[in-house]
Amino acid sequence: MSPHMLSFEPELHDLRPLLGDAVTDTLLARERREVFSLQPELRLIAWGGAMLLATAAGIVLKNNLDRIGPLALALLMAIAAAACYVGVWWRRSRASLADDYVLLLGALLVSGDVAFIESQFHLLGANWYRHYLLLAVVHAAGAYLYRSRVLLTLSITAMAAWLGIEQRPFGFLGPINAKELALRAAGGCAVMLMARSLNRRAEFAPVFEHFAANFAFGATFALMTEGGTRTLGCLLAITLAAVVIAWGFRTRREAFVLYAFLYAVVAFDILLIERLDSEAIGFLLLVVSTIGAIAALFAIHSRFRELRA
Amino acid sequence: MKVQEERNYVLRERLRGRKLLTPPVAAQLDVPSRTNGVLVQCVFFLLAALAAGAFFGLCHALGVPLPGVIAGAVCIAVAEYLIGVKRWFFTGVEAALWLGGLLAIISELPHSGRPESLLVVGTVFALAGARVRNPLLGAAAAVLVVAYAERFDRGAVIALLLGVAALLALLRTWRRPSTEWLFAACALILPVAGWICADARWRTLTILLFLAYGALALVLGLRKRHHIFFLAALIGLTVAVTESRNYIHIPAEAWLAIAGALLLLIAYAVTRALRGHERGLVLTPEDLTGIDETLQIAATLALKPESSAPPPPEPGFEAGGGTFGGAGASGDF
């Protein structure tokens, strides 16, 4: 064995005829730690730095409102956020991985600043919740400009908050019932599908697709939360799952198939268990459906492996 | 699973991640057992745990005598059938069935409420982990030992001692990847468990111990170049720095800002220093889990400061009763 820790050197030597000399030598250098990437650790450090700074900014706003005043604080925050965006843009030709996290910091500062300005100055009045929409647009623009999936996700969650399906769920516009929540989630799905069709950046497409599918399933599960719409919600979830599974197979996207299947199993169990009055039969159904799900998921997973091979 | 089979399985997953697993390569790295990747294992573990729990509930509902023993025995028998006959390993199912089965069996033991019960549960995790070679179950067993030691106010010390033992064990060449993963999991999880156990009255000692742990891991990381050493160093040093905050009386926001700026500066400095390196320490993209970016986005969404403005006050509302927090955010009226 090699003097190094866990090492696949013997196997890689055996694979040399299949992998080729160049690839094998690269892999062997990694196994011997002659080449060792610190990128994961640095990403973690930079991410931690950005999150700590964003949290610090929030506390500054909270603790210094009386001392510094809202206008100065809002301006300070805006300048800091702008400095992050401009700095990353300025360095774009020689960007490093830390720049991604300075950009994230800028976006978090913008989010905090917009919310702070709205809370202090009530610029949008009764339509205060539209600040989420503003954030969604700003982050989306940032995402496209800087090709950042993190910013795109921030944009989508801000949009979801504007629709009332995220962050302050189920009540920041007053109590909402299952149907209304389902409609909002369906609206979120529609926005994602529209964005997906307008999108011109290939790396963003999966983000839109995953959010669209989960908003749609969220809508069906919202219907399940009330007795009157539970059956409808279950049936819609199963139908939707069938559509997503078919689409997942067609486009060879296993993740969609796996979680659509899980959503369908949960909906199926809820649909049946609600109609049972025996605890034992309920448990039996759960055992049988879960075993069935495991068997079916194994078959699906094997099929995808064959497709990939 | 035999040693070579396990090694082939892990190498296959690595090559798959680098898009190098062509059919001829896969054929050479023969894995007769049915296996899954980590993420799919998690899904199957949850489903199988649900099935085991439901079966336990069914035995109870049917009034079967000693339902825990019966359900547990059936779960373990099914797990062994899957491992021995169907050759399922690292699928997530057999791990859930073994763990669920043993937990069901010990649920029939008389409940004494004594702290030693932690050791019994720990033994269950260790047994299940050893049988299915699951590092997280092994690390969970070690955490339960730490929890037991905390009954005698020794939790943090024991956690760090076990953590150091795991770090040193990682220096050895292990033929089985799962053995290395067990020590890796212990080296990362145990310090966190120890921190949870650490009391305020032992703060100085806590800082010194975690500083030593972080420094040892960092030195080993630089010498041996293993991600686990660097990550363990990050954990140890983070705990030491966080605890030392209690001795340095500056406002929380200043502390966070200094720490955050320092981390970003370190990232910039190291990135700059390693730019252009092609041997030794480099900055080539590497994905430790296969879903690093997804995990980071999820963590950002979960931990990002609130960014929601509170609704404007209703007419007649008397202002002054609220607070403002987060990154310009959580109106707490």
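Predicted model, so just to flag it, every value in this text is computed and none were measured.

Outline helix α7 (residues 131–146) of chain A, supporting the account with residue identities and numerical values.
Residues lying three or four places apart along an α-helix face the same way, a consequence of the helix completing one turn every 3.6 residues. Residues and elements named next belong to chain A. In a regular helix each residue adds 1.5 Å, so 16 residues correspond to 22 Å; α7 covers 22 Å between its end C-alpha atoms and thus fits that length. Along α7, the residues that are buried comprise H131, Y132, L135, A136, H139, G142, A143 and Y146. Each buried residue of α7 sits inside an arc of 140 degrees when the element is viewed along its axis, so together they form one side. Across α7 from its buried face, at more than 90 degrees, point the exposed residues V137 and L145. In the core, the buried residues of α7 are packed alongside α5 (70–90), α6 (97–121) and α8 (149–163). Just downstream of α7, R147 is the residue with a positive phi angle, here 55 degrees.

Hey, could you go over the confidence of the model for chain B for me, with residue numbers and the actual values?
Residue and element names in this part refer to chain B. In this model, chain B carries an average pLDDT of 87, and 92% of its residues clear a pLDDT of 70 or more. Taken together, the stretch residues 317–333 has pLDDT below 50 and engages in 46 contacts with residues farther than four places along the chain or on a different chain. Predicted as a complex, the structure gets a pTM of 0.85 and an ipTM equal to 0.84.

Provide a residue-level description of the packing of helix α8 (residues 155–169) of chain B against helix α9 (residues 177–197) of chain B, including the pertinent values.
All names here are of chain B. Contact pair α8 / α9: the axes reach a minimum separation of 8 Å and the direction vectors enclose 165 degrees. Between α8 and α9, the angle falls in the class roughly antiparallel. Between α8 and α9 lies a crossing of left-handed hand. Note on element contacts: α9 touches α8 through F183, C186, A187, L190, P191, G194 and C197, opposite G155, A156, A159, L160, L162, G163, A166, L167 and A169. For the contact of α8 with α9, the class distribution of residues is 13 nonpolar, 3 polar and no charged.

Can you explain the interface of chain A and chain B? Please cite residues and give values.
Contacts between the two partners involve 101 residues from chain A and, on the opposite side, 102 residues from chain B. Across the chain A-chain B interface, the total number found is 5 salt bridges. A:R149 serves as the salt-bridge partner of B:E293, at 2.6 Å between the closest nitrogen and oxygen. Taken together, the connections running from chain A to chain B amount to 22 residue pairs in polar contact (both at pLDDT 80 or more). Of the residues forming the side of chain A that touches chain B, the biggest block, 24 residues, is contributed by helix α3 (residues 39–63) of chain A. Class assignment of the residues belonging to the side of chain A that touches chain B gives a composition of 57 nonpolar, 25 polar and 19 charged. Across 3 bridges, the pairing between strand β1 (residues 35–37) of chain A and strand β1 (residues 280–282) of chain B is parallel. Bridging across to β1(B), A:V35 finds its partner in B:G280.

How each quantity is defined
- Residues numbered from 1 in each chain as written.
- Chains lettered and ligands numbered in written order.
- Predicted model: local features only at pLDDT ≥ 70, side-chain atom pairs only at ≥ 80, totals over all residues.
- Heavy atoms only, no water.
- Helix = DSSP H or I, 4+ residues; strand = E, 2+ residues; numbered from the N terminus.
- Expected span 1.5 Å × (residues − 1).
- Buried < 20%, exposed > 50% of the residue type's maximum accessible area, 1.4 Å probe, protein only.
- Arc of directions from axis to C-beta.
- Contact = heavy atoms within 4.5 Å.
- pLDDT = per-residue confidence, 0-100.
- Axes fitted to C-alpha atoms, helices over the stretch in contact; angles between N-to-C directions.
- Parallel < 35°, antiparallel > 145°, perpendicular 65-115°, else oblique.
- Left-handed = near helix turned anticlockwise from the far one by under 90°.
- Nonpolar A, V, L, I, M, F, W, Y, C, P; charged D, E, K, R; others polar.
- Salt bridge = Lys/Arg side-chain N within 4 Å of Asp/Glu carboxyl O.
- Polar contact = N/O pair within 3.5 Å; in protein donor to acceptor, adjacent residues only side chain to side chain.
- Pairing = 2+ DSSP bridges.

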